[in-house]
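Below are the chains, spelled out letter by letter.
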Amino acid sequence: MNDLTQDLPESDTTLACHGCDLLISLPELDYGQTASCPRCNHLITRRQLGAHNKILALSISSFIFLIFALPFPFLYFSNQGKEYVISFADSIINMVLMDYFSIAVLLFFSTLLIPAICLVSLIYVLISLQQKRLLPYTQQLLQSVFFLIDWNMAEIFLVATLISFIKISSLATVTLGLSFWSYVFFIICLVASLSLLDRYQIWRKVKIHER
C-alpha cells in the first residue's frame, strides 16, 4: 500500500496494515498513543502533540540550510603548497566533465532536487492545513512527498563523502567548508522532520479539512 488515501474510507477508521495488509478498524487516538497491527505488530500510526508544527519548523530550517549549502565552499584541499576549493555544484559539474553524465544527473536529482521538492511540498501542505480551507493541490503535493521520499539519497551522499575523507586525508590536508556544515544540518533537519511525519495522521487531517 503506497497511498493511505486509498485505505481511508469516509469514517477514517479502517485501513490496511502496510506490513501484512490486514484490514484494521482504528479508533481515534489520544495524543501520545500509538496503534500497531495485532497480527504482525507493525506500527500503524502514532499521534503526537504538536507534531505538524514541529515538522513545519524543521522543514523550513532544512530548506534554508540546503540553500546555504550551495554557494559556499564544500571542501578545501591543501597538498604540496597548492590549495583547491570544491563547492557542492563542483561535485556534479566534475562528473559531467569526466563523462559520467548519468551519475551527475542521478546525483543532482537524488541529493538536491528531490529533497528540495519534498521540503517545499511538505511546507506547502502543512501551511495549507493551518488554513480554514485547504489550498489548491494540497493532496497532490502530499502524494508527491510520499512518492519522492524513497528517492531521497542525501544521507547516502553525506556518508559516502565522509568515507572518502579516509582516503583523501592520507594524500592532502582536508578542511570542511561552510557548505559542508550547512548540508549536514540540512540532513539532520530533514531526517528529523520525516521521522515525525505520520502518513495516517496527516492524511486524516487533510480529510477532516475537506469536510
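Heads up: these notes are all about the structure in this document. These figures come from a predicted structure and were not determined experimentally.

Structural notes on the environment of G19
Reasoning step 1: Residue placement: G19 occurs in the loop between β1 (14-16) and β2 (23-25).
Reasoning step 2: Taking relative accessible area as the criterion, G19 reaches 52% and is therefore assigned exposed.
Reasoning step 3: Residues within four places of G19 in sequence aside, it is in contact with C40 and H42.

Thoughts on the environment of Q48
Reasoning step 1: Of note, Q48 is situated in the loop between β4 (43-46) and α1 (51-68).
Reasoning step 2: Residue classification places Q48 among the partly exposed positions, given a relative accessible area of 31%.
Reasoning step 3: Taking C-alpha positions, Q48 is 12 Å from A35, a pair spaced 13 residues apart along the chain.
Reasoning step 4: Apart from the residues lying within four places of it in its own chain, the contact partners of Q48 are Y31 and L196.

Some details on a nonpolar patch on the surface
Reasoning step 1: A surface patch of nonpolar side chains, amounting to about 420 Å² of accessible area, comprises I60, I64, F68, F72 and L178.
Reasoning step 2: Among the elements that line the nonpolar patch, the one with the most residues is α1, at three residues.
Reasoning step 3: Residue I60 is classed as partly exposed on the basis of its relative accessible area of 36%.

Considerations on the nonpolar core
Reasoning step 1: With 22 residues, the main nonpolar core has F74, F88, Y183 and F186 as its most contacted residues.
Reasoning step 2: For this core, the secondary structure elements donating two or more residues are β5 (73-79), α2 (88-97), α3 (101-129), α5 (154-168) and α6 (178-196).
Reasoning step 3: Tallying contributions element by element places α6 first for this core, with six residues.
Reasoning step 4: Setting aside chain neighbours within four positions, we find F74 in contact with I86, S87, F88, F157, T161, L176, G177, S179, F180 and Y183.
Reasoning step 5: By size, the runner-up hydrophobic cluster in this structure holds 15 residues, among which are L56, L126, V145 and V206.

About the thresholds
Residues numbered from 1 in each chain as written. Predicted model: local features only at pLDDT ≥ 70, side-chain atom pairs only at ≥ 80, totals over all residues. Heavy atoms only, no water. Helix = DSSP H or I, 4+ residues; strand = E, 2+ residues; numbered from the N terminus. Buried < 20%, exposed > 50% of the residue type's maximum accessible area, 1.4 Å probe, protein only. Contact = heavy atoms within 4.5 Å. Patch = residues over 30% accessible without salt bridge, like charges linked within 9 Å, V, L, I, M, F, W, Y side chains within 5 Å. Areas by Shrake-Rupley, 256 points an atom, 1.4 Å probe, with all protein chains shown as cover. Salt bridge = Lys/Arg side-chain N within 4 Å of Asp/Glu carboxyl O. Core = buried A, V, L, I, M, F, W, Y, C linked by side-chain atoms within 4.5 Å.

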